[in-house]
Amino acid sequence: MQSNSNLQPTPDNDGFFGTYGGRYVPEPLIAVLDEISRAYQTYKNDDAFKRELADLYKHYVGRPSPIFHARRLTGHCGGAQIFLKREDLNHTGAHKINHCLGEALLAKRMGKKKIIAETGAGQHGVALATAAALVGLECDIYMGEVDIEKEHPNVVRMGILGARVVPVAAGQRTLKEAVDAALMAYVQDPITQFYGIGSVVGPHPFPMMVRDFQQVVGEEAREQFLDMTGRLPDNLIACVGGGSNAIGLFTAFLDDENVAMFGVEPAGLSFKVGEHAATLTMGTPGVIHGFRCHLLQDEDGEPLPVYSCASGLDYPGVGPQHSFLKEIGRVTYETINDKEAIDAFFALSRIEGIIPALESSHAVAFAMKVAALLESDKTILVNLSGRGDKDIDHVVRVYGHLYGVE
Ligand SMILES: *Cc1c(COP(=O)(O)O)cnc(C)c1O
């Protein structure tokens, strides 16, 4: 097993995790990113900032989120004990509020007027609009037209929260194009605006900063799990879009060599181009949105079209630290397809009374597979990254007839 410094790179000063990450951006953006880096380094160690964030986690988000021993699901699978870290119970319904509050507080401290970002499933947009309302910042959210149609309730929520939703009509009209559009808007005015990125992606310092704000998930989980069982979990499982909920859970356990970790990517409809978003599984190193990572790309290095039933997972790149963790073999990356995810969505709903987000359903599906292969004295902790309310209309329209719901 490698030493701490190999497993948990800060990253290095240039923002690299091994050969992944960094800053592949036009020259004028370097100064802007340096400003964010400096401000982040300052406030990260500032007692008042840390206290304010901890206070919001507790009294606004509702942290710590509980861990639930899913006994009936465990019985259904017949094997390892399945536990769920209930990020779905957070205010706004997912883990994203953890980093959005951090970003909004930082933007406010930096004297910015407006926070802007992209959103896929709309979860990041809602979380950021929420954080912006709370701290008193304007908020523009860029969203692909396909996602706007698919995730209508979240679009309405953002409007109610006072954010402006900017439709993106380019290309596939989903997450990748939304990031392109938001970055473009940001470059035009990085002085009064702050980019509140939605995952552990983008140029340095974003992957590090978002990871640090999400780290609370794993820190809580480690302590809670020890309290509940007297041991650490044998396995951690989380879905991977950009990778923020996964890295948030994994970080506190990276040095625990007996804790196995699995990131679950969407295999969509098939492994044909355009029918999945299994970046680490099928991709090769390349550059997207200002950083180096595994990438689903064509011969010219252009990102390929991607798809998943879970809008929050359909991104052709992935957080650079995940590329690094794959390369050194610390985390294993697996895939779950749409059908398996939908089965898990209904299984958790009907066996435990918990409707999971379609993204989280990928992690649940993989946990159900793994549990069945293990003895009953083994444990699996799943990061239940979000709740499924946003997905119910889509799920019932497309798959309801298969499960007796019309
Ligand atoms: C956005 C989202 C994800 C995917 O993002 P990561 O950065 O990979 O965590 C997963 N689950 C839910 C509920 C989401 O909203």
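Residues numbered from 1 in each chain as written. Predicted model: local features only at pLDDT ≥ 70, side-chain atom pairs only at ≥ 80, totals over all residues. Heavy atoms only, no water.

J.: Hey, could you go over the sheet that holds strand 7 (residues 164-168) for me, with residue numbers and the actual values?
T.: Backbone-to-backbone hydrogen bonds join strands into a sheet, with any given pair of strands oriented parallel or antiparallel. Taken in spatial order, the 4 strands make up an open sheet running 7-6-5-8, and their pairing is parallel. Each edge of the sheet is formed by a strand with only one pairing partner; in this case those strands are strand 7 and strand 8 (193-195). Here the average twist between neighbouring strands, direction ignored, is 25 degrees. Those strands touched by helix 6 (residues 123-135) are strand 5 (114-119) and strand 6 (138-144), and its axis lies near 165 degrees from that of strand 5. Running at roughly 160 degrees to strand 5, helix 9 (residues 175-188) makes contact with strand 5, strand 6, strand 7 and strand 8 of the sheet. (Pairing = 2+ DSSP bridges. Helix = DSSP H or I, 4+ residues; strand = E, 2+ residues; numbered from the N terminus. Axes fitted to C-alpha atoms, helices over the stretch in contact; angles between N-to-C directions. Contact = heavy atoms within 4.5 Å.)

J.: Go over the side chain of Ser37, please, and point to the residues and values.
T.: Mapped onto the fold, Ser37 is located in helix 2 (residues 27-44). There is a polar contact of 3.2 Å between the side chain of Ser37 and the side chain of Arg23. In this structure, Ser37 is in contact with Arg23, His204 and Pro205, ignoring residues within four places of it in sequence. (Polar contact = N/O pair within 3.5 Å; in protein donor to acceptor, adjacent residues only side chain to side chain.)

J.: Tell me about the packing of aromatic side chains, and please be specific about residues and values.
T.: Under the defined criterion, the tally for this structure stands at 9 aromatic pairs. Ring centres 5.6 Å apart and planes at 85 degrees place the aromatic pair Tyr186 and Tyr195 in the edge-to-face group. A single burial state applies to Tyr186 and to Tyr195, both of which are buried. An angle of 55 degrees between the planes, with centres 5.5 Å apart, marks the rings of Phe262 and Phe366 as tilted. With a gap of 104 residues between them, Phe262 in strand 10 (residues 260-268) and Phe366 in helix 16 (residues 358-373) connect regions that are remote in the sequence. Here the two residues Phe262 and Phe366 agree in accessibility, since each one is buried. (Phe/Tyr/Trp six-rings, centres within 6.5 Å; stacked < 30°, edge-to-face > 60°. Buried < 20%, exposed > 50% of the residue type's maximum accessible area, 1.4 Å probe, protein only.)

J.: Quick rundown of the sheet that holds strand 4 (residues 81-86)? Include the residues and the values.
T.: Spatial ordering of the open sheet is given by 3-4-14-9-10-13, a layout of 6 strands whose pairing is mixed. What marks the edges here is a single partner per strand, and that holds for strand 3 (67-69) and strand 13 (332-337). Strand-to-strand twist of the sheet, defined as the mean angle between neighbouring strand axes without regard to direction, takes the value 30 degrees. Summarising the sheet, strand 4 and strand 14 (residues 379-384) pair through 6 bridges and their orientation is parallel. Among the inter-strand pairings, Leu84 is bridged to a residue of strand 14, identified as Val382.

J.: I'd like to hear about the domain arrangement of the protein chain, residue by residue, with values.
T.: The domains assigned to the protein chain are domain 1 (18-57 + 96-211) and domain 2 (62-93 + 215-402). Relative placement of domain 1 and domain 2: their C-alpha centres are 22 Å apart. Contacts between domain 1 and domain 2 engage 38 residues on the former and 46 residues on the latter. Three residues stand out in domain 1 for area buried against domain 2, namely Tyr20, Lys150 and Arg211, and they jointly supply 23% of the buried area on that side. Across the domain 1-domain 2 interface, the total number found is 0 salt bridges. Summed over the shared surface of domain 1 and domain 2, the result is 16 residue pairs in polar contact (both at pLDDT 80 or more). Contributing elements (two or more residues each) for the side of domain 1 that touches domain 2: strand 2 (20-21), helix 5 (96-109), helix 6, helix 7 (145-150), helix 9 and helix 10 (206-214). (Domains from an automatic or database assignment. Buried area = accessible area lost by both parts, 1.4 Å probe. Salt bridge = Lys/Arg side-chain N within 4 Å of Asp/Glu carboxyl O.)

J.: Account for empty space enclosed by the protein, naming residues and giving values.
T.: Per the counting criterion, the structure on display carries 1 cavity of 30 Å³ or more. Space inside the largest cavity adds up to approximately 410 Å³. With 3 residues, helix 9 is the largest single contributor of residues to the lining of the largest cavity. Both domains that furnish three or more residues to the lining of the largest cavity are identified here as domain 1 (18-57 + 96-211) and domain 2 (62-93 + 215-402). (1 Å grid on protein atoms, 1.4 Å probe; cavity = no way out; pocket = protein on both sides within 12 Å on 5 of 7 lines; lining within 4 Å. Points joined across faces, edges and corners; volume = space filled by probe spheres on them.)

J.: Describe in detail the site of the ligand, supporting the description with residues and values.
T.: Close to the ligand lie 17 residues, the nearest being Lys96, Ser199, Ser244, Asn245 and Ser385. Contact distances for the ligand include 2.7 Å between a nitrogen atom and a side-chain N or O atom of Ser385. If the ligand stood free it would expose 380 Å²; the protein chains cover 98% of that surface. For the ligand, the cavity whose grid points lie within 2 Å of the majority of its atoms is the largest cavity. Of the residues belonging to the shell around the ligand, the class tally is 4 nonpolar, 11 polar and 2 charged. Built from parts of two domains, the shell around the ligand gets at least three residues from each of domain 1 (18-57 + 96-211) and domain 2 (62-93 + 215-402). (Near = heavy atom within 4 Å. Areas by Shrake-Rupley, 256 points an atom, 1.4 Å probe, with all protein chains shown as cover. Sits in = over half its atoms within 2 Å of the grid points. Nonpolar A, V, L, I, M, F, W, Y, C, P; charged D, E, K, R; others polar.)

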